[in-house]
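Structural characterization, general
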Amino acid sequence: MEQGHASCILLYNKNNQAFAPISDRCGMLKKHQHTIAAHLKNRQLESEEAFQIMIDDSRFNVTVAPFRSGEILCVIFPALIEQLDRIEVEEKIRQLAYVDTLTGLSNQHSFLEQVNKKMTEMKSGEKSLMVYLKLDQFNSIQDVLGYSSGDEVIAITAKRLNKLFLDSGIVARIGFDHFAFFLPANSDGKPSFVNMEEISRSLHSPMIIQDQDVYITCSYGVSVYPDHAHDAKKCIQMAQIALNAGRKHNARNVKAYFTKDMFHVMEDDLLGEMNLRKGLDLKEFELYYQPKVDCSSGRIIGFEALIRWNHPERGIIPPIEFINLAESTGLILPIGEWVIQQAFILLEKWRRIEESDLTLSINISPRHFLHPKLIKYLKECLAKYEINPNQLVIEITENVAMEDFDSVKKRIFELKELGFSVSIDDFGTGFSAFLYLQHFPIQEIKIDRRFIRDITNNDKSFGIAKTIIDLAKMLKLNVVSEGVETAEQWEVLKKLGCPQLQGFYFSKPMPRGNIQGWLSKYQEEIES
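Summary of the structure given here. All values reported here derive from a predicted model rather than from experimental measurement. (Residues numbered from 1 in each chain as written. Predicted model: local features only at pLDDT ≥ 70, side-chain atom pairs only at ≥ 80, totals over all residues. Heavy atoms only, no water.)

With respect to the overall build of the chain
Scanning the chain from terminus to terminus reveals 18 helices and 22 strands. Relative to its 528 residues, the chain shows a buried fraction of 48%. In the chain, once contacts between residues fewer than 6 apart in sequence are set aside, the share between residues at least 24 apart is 63%. Accessible surface for the chain amounts to roughly 28,200 Å². Of this, 50% is attributable to carbon and sulfur atoms. (Helix = DSSP H or I, 4+ residues; strand = E, 2+ residues; numbered from the N terminus. Buried < 20%, exposed > 50% of the residue type's maximum accessible area, 1.4 Å probe, protein only. Contact = heavy atoms within 4.5 Å. Areas by Shrake-Rupley, 256 points an atom, 1.4 Å probe, with all protein chains shown as cover.)

Right, dumping it as structure tokens:
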């Protein structure tokens with residue numbers, strides 16, 4: 001009997017079924033000795049014989065020679081090392097292809113295969129749930145406690161999910177801190193064996209990470225098979241759409257179930273974002289200007305710049321239709337910087353044509369107002385353009401204060417130091433109105449048009465407007481009443497002592513090219 005250098009030789013006693021390896025190389029067969037014994041136990045060998053043994057679905061060539069009348073067998077596995085190495089490599093490749101290495105759960109590739117197979121086995125009328133789940137605070141935990149602690153959180157989450165769905169569902173880690181599971185459901189599309197609240201409670205239980213309790217919440221989206229999709233990949237997509245739709249309203253603890261309108265909204269948002277980017281690149285945005293009037297004399301004292309989107313197919317689009325989308329996509333920053341630049345250009349032009357006493361107000365979104373680049377960009381513009389910063393009024397809405405009180409206060413002080421004025425738009429409509437008056441160094445408030453609209457025939461509107469105007473006088477703040485549309489409203493506000501007005505009664509917002517002609521015509525009417 002000849003053996004290659006990679007063969008494995010061992011002795012087998014048929015009486016007591018004991019193995020005795022001849023070399024250390026045979027140690028790797030220890031875990032398979034019962035399988036080998038089963039193949040050898042009933043063989044009556046009188047001479048050397050070669051055959052195959054099945055171990056873990058793989059065939060191994062073996063040569064067996066009897067000693068002591070067949071009591072002792074010499075078992076030889078030719079080329080065993082190479083064969084086991086190949087099997088081990090194949091197993092590692094399979095693990096990489098189908099198993100998430102951190103958690104031991106199925107990965108996305110394996111999950112899709114398992115779910116699609118399960119779908120083909122389901123009977124007509126049966127339903128299942130696809131759940132797409134994301135850990136809410138994972139990034140923060142990883143940033144504070146480190147990447148290894150982040151791995152612990154993922155591993156513990158995987159164990160909890162695996163325990164919940166061991167007998168009733170298919171679970172996988174399909175991304176960074178993203179998991180998916182496919183669960184049996186009843187006819188109403190509700191889980192049959194475990195409810196979603198139980199899943200949330202299990203994941204919310206504290207985890208001991210670096211000797212401290214770590215609490216984590218999760219958000220998930222749910223789709224129903226076959227109601228919403230007919231294959232695993234599409235079901236995951238619909239569940240993710242549900243989660244993304246829910247996260248527009250809440251950052252944590254989102255529980256969203258897919259509805260068909262979510263897909264259409266997402267589709268509209270995507271098309272809107274693409275169009276918005278294209279509009280920015282093609283310079284389709286422009287500013288329209290509405291005059292601000294001195295209440296007592298009617299003299300023009302400034303303008304407010306209002307952005308419009310001059311869409312090639314839809315025409316002029318007002319900001320209410322695209323600002324929220326710009327905020328959510330981050331495009332509000334380049335749009336806001338463009339508005340600032342246009343304001344500086346116009347103020348510099350007014351300075352050159354001796355219209356240097358006019359003010360110009362611009363609107364800054366909450367996200368842009370608190371962005372670190374805002375002050376830097378304003379300083380760059382001050383260095384580039386010759387303007388008086390006192391002429392530029394930066395308008396923000398009341399809800400900015402709800403973002404971060406201390407950061408808002410600091411930002412207003414920074415703007416004041418640069419010489420800019422800060423105005424609170426739509427004053428009186430939110431919960432934080434008087435926080436501004438008490439804590440922030442603002443220079444102006446604008447009374448919301450809803451209080452002006454009924455000021456001539458509604459005592460409450462009249463009383464609110466009067467109170468705001470009187471309070472502003474005590475605090476030495478400028479007041480602008482928005483939405484003035486009639487001479488009667490102007491007259492009432494004049495009697496209340498409101499310093500400035502703005503509204504359609506004087507003019508609708510106009511393109512920049514119309515300002516000079518309108519100013520000349522308006523001045524003639526005032527003087528006549």
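Brief notes about the sheet that holds strand β7 (residues 170-173)
Pairing in this open sheet of five strands is mixed, and the strands run β7-β8-β6-β11-β12 from one edge to the other. Of all strands in the sheet, those with a lone pairing partner are β7 and β12 (255-257), marking the two edges. The mean angle between the axes of side-by-side strands here comes to 15°, regardless of whether they run parallel or antiparallel. With four bridges connecting them, β7 and strand β8 (residues 178-185) associate as antiparallel partners. Paired with Ile170 across the strands is Phe182, a residue of β8. Each of β6 (127-135), β8, β11 (218-225) and β12 touches helix α6 (residues 196-204); the most contacted strand, β11, lies at about 150° to it. (Pairing = 2+ DSSP bridges. Axes fitted to C-alpha atoms, helices over the stretch in contact; angles between N-to-C directions.)

Side note on the packing of helix α12 (residues 373-384) against helix α13 (residues 405-418)
Across the interface, α12 lies against α13 with an axial gap of 11 Å and an inter-helix angle of 10°. Taken together, α12 and α13 sit at an angle that is classed as roughly parallel. Here Leu374, Ile375, Leu378, Lys379 and Leu382 of α12 come into contact with α13, specifically with Arg411, Glu414, Leu415 and Leu418. In terms of residue class, the contact of α12 with α13 is made up of six nonpolar, no polar and three charged. (Parallel < 35°, antiparallel > 145°, perpendicular 65-115°, else oblique. Nonpolar A, V, L, I, M, F, W, Y, C, P; charged D, E, K, R; others polar.)

Some thoughts on unusual backbone geometry
Note the cis peptide between Tyr225 and Pro226, where omega equals 5°. For Pro226, the location among the structural elements is in the loop between β11 and α7 (232-247). A positive phi angle, near 55°, is found at Asp426, a position not held by glycine. Checked against the element boundaries, Asp426 lands in strand β18 (residues 421-427).

Quick notes on the side chain of Ser110
Inspection of the secondary structure assignment puts Ser110 in helix α3 (residues 108-121). Within the local environment of Ser110, its side chain forms a polar contact with the side chain of Gln114, the two groups lying 2.9 Å apart. (Polar contact = N/O pair within 3.5 Å; in protein donor to acceptor, adjacent residues only side chain to side chain.)

Re the pairing of strand β20 (residues 478-481)
Of the two faces of β20, the one holding Asn478 and Val480 and the one holding Val479 and Ser481 are both buried throughout. Taken together, the four bridges between strand β19 (residues 444-447) and β20 define a ladder with parallel strand orientation. What sits directly across from Glu444, in β20, is Asn478. Direction of pairing for β20 relative to strand β21 (residues 500-501): parallel, over a ladder of two bridges. Bridge assignment links Ser481 to a residue of β21, and that residue is Leu501. Between β20 and its parallel partner β21, the chain crosses via helix α17 (residues 487-496), and the hand of that crossover is right-handed. (Right-handed = clockwise from strand over helix to strand, strands pointing away.)

Points about the nonpolar core
One broad rule of soluble globular proteins: the nonpolar side chains tend to lie buried together. Among the nonpolar cores identified, the biggest contains 78 residues, and Phe303 and Ile442 are the most heavily contacted of them. For this core, the element with the most residues is helix α10 (residues 332-352), which contributes 10 residues. Grouped together as the second largest cluster of nonpolar side chains are 29 residues, Leu133, Phe165, Val222 and Val224 included. (Core = buried A, V, L, I, M, F, W, Y, C linked by side-chain atoms within 4.5 Å.)

Comments concerning the environment of Asn310
Assignment of secondary structure puts Asn310 in strand β14 (residues 300-311). The partly exposed category is assigned to Asn310, whose relative accessible area is 33%. For the pair formed by Asn310 and Phe285, sequence separation is 25 residues and the distance between their alpha carbons is 5.8 Å. Leave out the neighbours within four places in its chain, and Asn310 touches Glu284, Glu286, Gly315 and Ile316. Within the local environment of Asn310, its side chain forms a polar contact with the side chain of Glu286, the two groups lying 3.0 Å apart.

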